[in-house]
Amino acid sequence: MNSLYCTQLTTDTKNELSLRLQSYRKSKIKEIINSLKNHSQDFQATLNRDWSNTVDLLTRDFLKLFFVNASKASEICNHWSTILVLELLVDEFRNLRRSYRIQCLITCLSAIMIEVRISNSSVIYENANYRTIDSIYCFFSGQEIINSNGTKFSQELIWCFNKNKVTIYSEVSGNQVGEFSIPLKEGFPGAPIQIVPLTKLVTFDSVSIDGDNPLSKGYHFDEILEGVEPADWKPVPISKSVDAVYPLLEQFWPETIDWLKILVPAFVDRAGIAYRNKANSYTWGPGTPIFLSKVENPLYHASVIIHELQHQRYLLFTNLDDFLILNTSEMLFISPWRDDPRPLFGLVLGLHAFLAENAFRSRILPYFDSISDDLSDKMFSDHRKNLFAFRTILDFEPKMSLTEKQLFLEMTHKLLEQHKLIEPQASVTQRIHFDAWLDGHINSVCSLSQKLVNTSEYYKNWEETNRIAAEYVSDNGGCKCE
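These notes cover the structure that comes with them. Computed from a prediction, not measured in an experiment: that's the story for all the values here. (Residues numbered from 1 in each chain as written. Predicted model: local features only at pLDDT ≥ 70, side-chain atom pairs only at ≥ 80, totals over all residues. Heavy atoms only, no water.)

1. A few points about the overall build of the protein chain
Then comes step 1: A tally of helices and strands in the protein chain yields 14 helices and twelve strands.
Then comes step 2: Expressed as lengths along the three principal axes of its C-alpha atoms, the size of the protein chain is roughly 75 × 50 × 50 Å.
Then comes step 3: Counting over 482 residues, the protein chain shows a buried share of 56%.
Then comes step 4: Once local pairs closer than 6 in sequence are excluded, the contacts in the protein chain between residues at least 24 apart make up 72%.
Then comes step 5: About 21700 Å² of surface is accessible on the protein chain, with carbon and sulfur atoms providing 50% of the total. (Helix = DSSP H or I, 4+ residues; strand = E, 2+ residues; numbered from the N terminus. Buried < 20%, exposed > 50% of the residue type's maximum accessible area, 1.4 Å probe, protein only. Contact = heavy atoms within 4.5 Å. Areas by Shrake-Rupley, 256 points an atom, 1.4 Å probe, with all protein chains shown as cover.)

Next comes the structure, spelled out in structure tokens:
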């Protein structure tokens, strides 16, 4: 299964992949909890006393849940949303420590316990006050808690549980928002809330989280610009766009579908800047959602979904100890895809993903004349970036394990195939524009660090790099590519 591109999964390999993902999540949650322990004082330093108390309460109640219903507690801990939210909290404390974003993430954890108590008041019967801010998603149960009139919550709330009664107060006004008895009956008679399911995709076995959501909220606020969207901008909701991607993958790369169904639990509106002919995306690792910016044409989502799937596959199967200097702080590299100095691992991860993106573009190019020029530009640009990354990796990471070397050999073989396809079709204008861009990019990154090592002019000798790639494949006995 650890080939460069997605291969067809059998019943046995589907089970093997699912078990591997479960094992990864169990180890990941332990790693994250240990990291959070190191940041325990940061909660108090970043949040006010009321929100710090909510964190203490959630910790206490999760521990109690293990004694009352161990299987339920274990299911919550190993769920993708719990792992992701906790990892996002760790990321905030390591970096910007934005209190509003931290409150949004804590709201996701509060929502779990609120939903558990509302559905079964006997599970944890002690009195408790939880805090939430703005929209309230319980990703664990695949539901959202909203106002009884069908609107999202848009304020800071205090949820006071007292035996079998819940009273909701507004933090700002102090006024009571509503009161109801638990457990809630079907249809929520007389309750000031509704609990509605998240959007289930028609195609993939996952959910879509459109628009305003706590996983993206506050994360990209620095990117949002006034008037960036054109007047006739008509973006497609993430759910509809991803559903439109399914038949494209079914036609042009059907092997990816089962991988996506197993590894990707949700597709999330990324927020921030959106572009008409470019999709921004990211993922937080194996078994986490793919975050997407809105687009008008689902084709742009198709290629970045393949890109993020490649990241998840690589991180799930690769032992990072196989590389000697992937994260050596003493040695940093220019990445053709990033504006900041990167460890070598970033270039390996990029090459692995962009080779797949270009493979997909080459398959669809003959069928979509309306955007063929844009696809050709992206293919050429990413191919040149792939050559730059390949040359760097080969120069600085010669000692790989047998598994990693076989994968890198397959990557080199596909790079050569794409070189034959892409380079002869490139125009003089494309070549001039790319080389000018790369010079500016290198100068910009070099201004940020004195530790960069891949700055030589020969990294831009494309035909020499292609020759070196061919020699590498030949010297290693060719490539047994799947």
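And the narrative resumes.
2. Quick notes on the layout of surface pockets
Then comes step 1: When its volume is computed, the second largest pocket comes out at roughly 710 Å³.
Then comes step 2: Every residue lining the second largest pocket is counted, 24 residues in all, and those nearest its centre are Ile33, Leu36, Thr59, Phe62 and Leu86.
Then comes step 3: Going through the elements one at a time, α1 (11–38), α2 (40–46), α3 (49–68), α4 (70–77), α5 (80–94) and α6 (99–119) are the ones with two or more residues in the lining of the second largest pocket.
Then comes step 4: No other element matches α3, which puts eight residues into the lining of the second largest pocket. (1 Å grid on protein atoms, 1.4 Å probe; cavity = no way out; pocket = protein on both sides within 12 Å on 5 of 7 lines; lining within 4 Å. Points joined across faces, edges and corners; volume = space filled by probe spheres on them.)

3. Digging into the packing of helix α8 (residues 255–263) against helix α9 (residues 298–317)
Packed helices, taken two at a time, are described by the angle between their axes plus the distance between the axes.
Then comes step 1: Relative to each other, α8 and α9 sit at 65 degrees, their axes nearing to 11 Å. It follows from the interaxial angle that α8 and α9 lie roughly perpendicular. α8 and α9 meet at a crossing whose hand is left-handed. Residue-level inspection shows Thr256, Trp259, Leu260 and Leu263 of α8 in contact with α9, the latter providing Ile305, Leu309, Gln312, Arg313, Leu316 and Phe317.
Then comes step 2: Residues belonging to the contact of α8 with α9 are distributed by class as follows: seven nonpolar, two polar and one charged. (Axes fitted to C-alpha atoms, helices over the stretch in contact; angles between N-to-C directions. Parallel < 35°, antiparallel > 145°, perpendicular 65-115°, else oblique. Left-handed = near helix turned anticlockwise from the far one by under 90°. Nonpolar A, V, L, I, M, F, W, Y, C, P; charged D, E, K, R; others polar.)

4. Concerning the side chain of Thr283
Then comes step 1: As for its placement among the helices and strands, Thr283 is situated in strand β11 (residues 281–283).
Then comes step 2: Engagement of the side chain of Thr283 in a polar contact is seen with the side chain of Thr288, the distance being 2.9 Å.
Then comes step 3: A polar contact of 3.1 Å, which involves the side chain of Thr283, links it to the backbone oxygen of Pro289.
Then comes step 4: Leaving out residues up to four positions away in the same chain, Thr283 has contacts with Thr288, Pro289, Glu308, His311 and Gln312. (Polar contact = N/O pair within 3.5 Å; in protein donor to acceptor, adjacent residues only side chain to side chain.)

5. Here's the deal with empty space enclosed by the protein
Then comes step 1: Here the structure, examined in full by the defined rule, presents four cavities of 30 Å³ or more.
Then comes step 2: In this structure, the largest cavity is lined by Tyr24, Arg25, Lys28, Trp80, Ile83, Glu87, Trp284, Gly285, Pro286, Gly287 and Thr288.
Then comes step 3: Elements with a contribution of two residues or more to the lining of the largest cavity: α1 and α5.
Then comes step 4: Split by residue class, the lining of the largest cavity holds five nonpolar, three polar and three charged.

6. Some remarks on the side chain of Lys28
Then comes step 1: Residue position: Lys28 is located in helix α1.
Then comes step 2: Residue class for Lys28 comes out buried when judged on its relative accessible area of 13%.

7. A closer look at unusual backbone geometry
Then comes step 1: Residue Pro183 is reached from Ile182 by a cis peptide bond, and omega for that bond is 0 degrees.
Then comes step 2: Structurally, Pro183 is set in the loop between β6 (176–181) and β7 (193–197).
Then comes step 3: If you check the backbone angles, Lys163 has positive phi at about 60 degrees while not being a glycine.

8. Quick notes on a nonpolar patch on the surface
Then comes step 1: Taken together, the side chains of Phe66, Phe67 and Val68 present a nonpolar region at the surface, about 360 Å² in accessible area.
Then comes step 2: Tracing the backbone shows Val68 in helix α3.
Then comes step 3: A residue is classified by how much of its surface remains accessible, and Val68, at 51% relative accessible area, is exposed. (Patch = residues over 30% accessible without salt bridge, like charges linked within 9 Å, V, L, I, M, F, W, Y side chains within 5 Å. Salt bridge = Lys/Arg side-chain N within 4 Å of Asp/Glu carboxyl O.)

9. A few points about the sheet that holds β11
Then comes step 1: The five strands lie next to each other as β8-β9-β10-β12-β11, forming an open sheet whose pairing is mixed. One side of each edge strand has no neighbouring strand; the edge strands of this open sheet are β8 (199–200) and β11.
Then comes step 2: Here β8 runs beside strand β9 (residues 207–209); their pairing, made up of two bridges, is antiparallel. In the sheet register, Lys200 faces β9, and the bridge partner there is Val207. (Pairing = 2+ DSSP bridges.)

10. Considering the nonpolar core
Then comes step 1: Counting residues in hydrophobic clusters, the biggest one holds 82 residues, and the most contacted among them are Phe267, Leu351 and Phe408.
Then comes step 2: In terms of residue count, helix α10 (residues 344–364) provides more of this core than any other element does, twelve residues in total.
Then comes step 3: In terms of nonpolar packing, the next biggest core, distinct from the first, is built from 64 residues, Val55, Leu57, Tyr130 and Cys138 among them. (Core = buried A, V, L, I, M, F, W, Y, C linked by side-chain atoms within 4.5 Å.)

11. Focus: the sheet that holds β7
Then comes step 1: Spatially, the three strands line up as an open sheet ordered β2-β3-β7, and their pairing is antiparallel. Edge positions in the open sheet fall to β2 (136–138) and β7, since each of these has one partner strand only. Within the sheet, the average angular offset between the axes of one strand and its neighbour, ignoring direction, is 30 degrees.
Then comes step 2: Note: strand β3 (residues 143–147) against β7, five bridges, orientation antiparallel. Pairing of Ile145 across the sheet is with Ile195, part of β7.
Then comes step 3: α6 rests against β2, β3 and β7 of the sheet, and its axis sits at about 65 degrees to β2.

12. Observations concerning the packing of aromatic side chains
Then comes step 1: Taken as a whole and assessed by the stated rule, the structure comprises 21 aromatic pairs.
Then comes step 2: Both rings, one in Phe380 and one in Phe434, keep their centres 6.1 Å apart while their planes meet at 75 degrees; by these two values the pair is edge-to-face. Note that Phe380 is positioned in helix α11 (residues 372–396) and Phe434 in helix α13 (residues 428–446), a separation of 54 residues in sequence.
Then comes step 3: Judged by relative accessible area, Phe380 falls into the buried class, the value being 3%.
Then comes step 4: The buried category is assigned to Phe434, whose relative accessible area is 5%.
Then comes step 5: In textbook terms, an aromatic cluster arises when at least three aromatic residues are bridged by ring pairs, as seen for Phe380, Phe434, Trp437 and Trp462.
Then comes step 6: Just above the ring of Phe161 sits the side chain of Arg117; from NZ or CZ to the centre is 5.3 Å. (Phe/Tyr/Trp six-rings, centres within 6.5 Å; stacked < 30°, edge-to-face > 60°. Lys NZ or Arg CZ within 6 Å of the ring centre and 35° of its normal.)

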